[in-house]
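Descriptive structure summary
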Amino acid sequence: MDKQKFGTAPVFFTAISTILGAIMFLRFGFAVGMVGLAGTIGIILIGHAVTIPTAMAIAEIATNQKVEGGGEYYIISRSFGLVIGSTIGIALYLSQAISVAFYIMAFTEAFKPLVSWLRETYVLMPWVGYLLEFPQTIGIPALLLLTLLILTKGADLGVKVLYTVVATLAIALVAFFVGTTEYGRAHQVEFFNSYTADTETTDAALTDLLTEAEGGTTPDTVYYPGGVAEARPARPAPAAPPAPDLPELSFFTVFAIIFPAFTGMTAGVGLSGDLRDPGRSIPRGTLAATIGGMVVYFFMAWKLAASAPPEALADTSNLIMADIAWQGWWIVPLGLAAATISSALGSILVAPRTLQAIAADNIFPATGINQFLARGKGERAEPYNASLVTVVLAAFFILLGALDSVAEIISMFFMVTYGSLCLISFLNHFAADPSYRPTFKSKWYVSLFGAIACFGLMFFMNSTYAAAAVVLIGLLYLYITASNPDKRSLALIFQGVIFQVSRRIQIFLQKAEKEETKTWRPSVIAVSDATFTRLGAFDLLRWLSQKYGFGTYLHYVNGYLSHDTSEAAKVTKERIIRMAETTESRIYIDTIVSPSYTSAIAQIIQFPGIAGTENNLLLLEYSKRGGDGLEDIIDNFKLIKSVDFNIGILGLSERGFGLKRTIHIWITRAHLESSNLMILLAYVMTGHSDWKNAEIRLFAVFEESKLASEEQRLYDLIETGKLPISRANIEVLCRGDNTDSRSVIARKSGEADLVILGFREEALKRMKEEVFAGYDDIGNVLFVNAAEAVEIR
């Protein structure tokens, strides 16, 4: 089986034949004419600032993992996860498939001289002449012939043909470099000489430019600005054709037209499933093609600038390379045909394999579609069905004709692909996963620069098409996410990045000199052993942590730590995490196994805060019906207070939190140190959507002598904005000597959805359970004890 697979050569030739493709023949001279030799060198350097980091990223990734069928799609999907990977993969496939059409249309340009010769030499039948006016007349048969070749012989014969067309391409390049022109013999290369639309070039000036210095006669070979080289005897110089009427384009507009010439270095990656050793062949072939293509383009830019004036180079109506090359009238069109057909061949080899790999991952919504597209033919599972789909798609775009706009969107998708590959390399460096050990190593800053350059150049090239590409990919992502709910897991690379970012932030916060805290933000840690029977603590924590605070929820498992209890704790943790996902909670979930409640509390109060801040509130719960859990809380209260924790003890009733419309806060003279904390907790809760329509009412109970002053103090806090309660929602009550406060609370707050009360440590020591008794007629009650007064600012 391995004997039938390929080595490095197909990777190199597939990539180099795509790099030195249609745009090199049809538009590279245009670039030199428009922006000059210096500008073209700048375009080459900027373009390869994207392609070289991408080639290095592919080489790095391919030497770390086995790259299976699908090439670039396989790398992206296995790094970013199937949802993001398939989103980019479908965009990549579309660009590859439409590229087939683009290259076939460019292939038809090579037949223009032949069609013109036929028209001038023979009298054609009207219908034949009519058909020859359309490039599809040649394009569709060429596509069908190429398809027949791939479907009947597969990648093996495709690669053999690839060798032939690459050899033809090499001959055309040699002919171009050995060719000479009279202009080249008479002029020096000028780095900054370029075509300008607003410069009036007269016929006489152009004639002077092209005539020999002696005698005022034209040379044996006259080079016209239109790009036509013609042998004639020496005679007085005729009037040259007028300069081409072309608009003057900006540097980045020209860059957008030329950039696809430098792409294609990843074309060979699509053959990964057919390679003997992808980890060796892909890096070598890709890097060699990328660097080799850059060198060739440097020499081509020099040759073009030295061989023709900018006016001739900028005129796209003629094949300027044919005018310069030795025997260029037939060798260069043949080279163009070879370059375009090889690019089309490379795309038609790669695109179906990308589609086959996407279908093999069951990304499409219908099982039948996935099975049809993933089905292969023969021992090597050639993507027969995927090839048929690709050809139909390519034929559709060939029939549409003009592909300039489509080609720019293709470039955007390729930039997204290249940027993603560079980003994968950078994120792997940043995540520092020990399993990431590539043989070939790029540098993290090279990959980061490549990623930024890709996404930035998209908008420099064409902001409209860049925005369109981003929107299309966004819609694809939403569709794939909705149709593949089972594939939404967080990829390992993102987990590693998040872990590293979290670690660095935590260390930074710990070491940084912090400004003295003047405001209070809840950093709550809640614990319960009855998570699935009493949800009150879980709900209260998620409400406090939704917007303003941070929350950690711990489920207490009573027992000694063992394999069985550890496994049971993991299962419980997964259940609670699913609860948090269902309720869209922003809390951290964990479990704690301990043989006693006391040892569990001793560990819990030492837990670090999840947001880099110390935990400042411990939330416990018990059932008001029967007092389940209350005894453990009272027994360990002294231990908790040893570390000066703010404490919230939630008494849960059968009514629960009711309609979540009213929160009543009761303040007395004895609990003033906890009053601000109670008010802030109520305010923080209303930041959650469940309580957004809730009304906070404050009841203040004072002795008659303090009544007026305390009432005024509360009103002053409202006026200064420090108390987020309406004045109408404050009721100040006078405490009678023989009045039972519990009966007053039951009467005023009997229908409240949550009642918040304060309690003191001294009272708990003396009265024990009696502190929490007598509130059976109201709903849930949160008892609050502040370690120190919290300032409301």
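Cut-off values and rules
- Residues numbered from 1 in each chain as written.
- Predicted model: local features only at pLDDT ≥ 70, side-chain atom pairs only at ≥ 80, totals over all residues.
- Heavy atoms only, no water.
- Helix = DSSP H or I, 4+ residues; strand = E, 2+ residues; numbered from the N terminus.
- Buried < 20%, exposed > 50% of the residue type's maximum accessible area, 1.4 Å probe, protein only.
- Contact = heavy atoms within 4.5 Å.
- Areas by Shrake-Rupley, 256 points an atom, 1.4 Å probe, with all protein chains shown as cover.
- Axes fitted to C-alpha atoms, helices over the stretch in contact; angles between N-to-C directions.
- Parallel < 35°, antiparallel > 145°, perpendicular 65-115°, else oblique.
- Left-handed = near helix turned anticlockwise from the far one by under 90°.
- Nonpolar A, V, L, I, M, F, W, Y, C, P; charged D, E, K, R; others polar.
- Pairing = 2+ DSSP bridges.
- pLDDT = per-residue confidence, 0-100.
- Phe/Tyr/Trp six-rings, centres within 6.5 Å; stacked < 30°, edge-to-face > 60°.
- Lys NZ or Arg CZ within 6 Å of the ring centre and 35° of its normal.

1. A short note on the overall build of the protein chain
In terms of helices and strands, the protein chain carries 30 helices and 12 strands. Looking at the protein chain as a whole, 52% of its 793 residues qualify as buried. Considering only residue pairs separated by 6 or more positions, the protein chain has 81% of its internal contacts joining residues 24 or more positions apart. Carbon and sulfur atoms provide 58% of the accessible area of the protein chain, an area that totals close to 36,500 Å².

2. Remarks on the packing of helix H5 (residues 82–109) against helix H15 (residues 328–360)
Two measures define how a pair of helices packs: the angle their axes make with one another and the distance between the axes. For the pair H5 and H15, interaxial distance at closest approach is 8 Å and the crossing angle is 160 degrees. Considering their axes alone, H5 and H15 lie roughly antiparallel with respect to each other. Seen from above, H5 lies across H15 with left-handed handedness. Residues belonging to the contact of H5 with H15 are distributed by class as follows: 18 nonpolar, seven polar and one charged.

3. Quick word on the environment of Cys422
Its place among the elements puts Cys422 in helix H18 (residues 404–431). A relative accessible area of 0% means that Cys422 is categorised as buried. For the pair Cys422 and Phe449, spaced 27 residues apart in sequence, the C-alpha to C-alpha distance is 8.3 Å. Excluding residues within four positions of it along the chain, Cys422 makes contact with Pro53, Thr54, Ala57, Ser447, Gly450 and Ala451.

4. Describing the sheet that holds strand E6 (residues 617–623)
Taken together, 10 strands build an open sheet; the order of strands is E5-E4-E3-E6-E7-E12-E11-E8-E9-E10 and the sheet is mixed. Strands with a single pairing partner mark the edges of an open sheet, and in this sheet they are strand E5 (587–594) and strand E10 (730–734). Strand-to-strand twist of the sheet, defined as the mean angle between neighbouring strand axes without regard to direction, takes the value 20 degrees. As paired elements, strand E7 (residues 646–652) and strand E12 (residues 780–785) share five bridges and run antiparallel to each other. What sits directly across from Gly648, in E12, is Val784. Packing against the sheet, helix H27 (residues 672–685) makes contact with E6, E7, strand E8 (662–668), strand E9 (695–702), strand E11 (754–758) and E12, and its axis sits at approximately 170 degrees to E8.

5. Focus: the packing of helix H3 (residues 28–62) against helix H11 (residues 251–258)
At a minimum axis separation of 9 Å, H3 and H11 run at an interaxial angle of 80 degrees. The angle between the axes of H3 and H11 places the two elements in the roughly perpendicular class. Listed contacts from H11 to Phe28, Phe30, Ala31, Met34, Val35, Gly39, Gly42, Ile43, Ile46 and Gly47 of H3 are Phe251, Val254, Phe255, Ile257 and Ile258. In terms of residue class, the contact of H3 with H11 is built from 12 nonpolar, three polar and no charged.

6. Some details on the confidence of the model for the protein chain
Averaged over all residues, the pLDDT of the protein chain equals 81, while 86% of them reach at least 70. With pLDDT under 50 throughout, residues 198–243 is counted as low confidence; its partners more than four residues away or in other chains account for 78 contacts.

7. What to know about the packing of aromatic side chains
For the structure on display, the rule yields 26 aromatic pairs. Ring geometry for Phe176 against Phe177: centres 5.2 Å apart, planes inclined by 65 degrees, an arrangement best described as edge-to-face. For Phe176, a relative accessible area of 0% translates into the label buried. Ring centres 4.8 Å apart and planes at 85 degrees place the aromatic pair Trp543 and Phe657 in the edge-to-face group. Linking Trp543 in helix H22 (residues 536–545) with Phe657 in the loop between E7 and E8, this pair joins segments that are 114 residues apart in sequence. For the pair formed by Trp543 and Phe657, the shared burial category is buried. Taken together through their ring pairs, the aromatic side chains of Tyr622, Phe637, Phe759, Phe772, Tyr775 and Phe783 make up a single cluster. Across from the ring centre of Phe532, 3.7 Å away, lies the NZ or CZ of Arg575, which sits over that ring.

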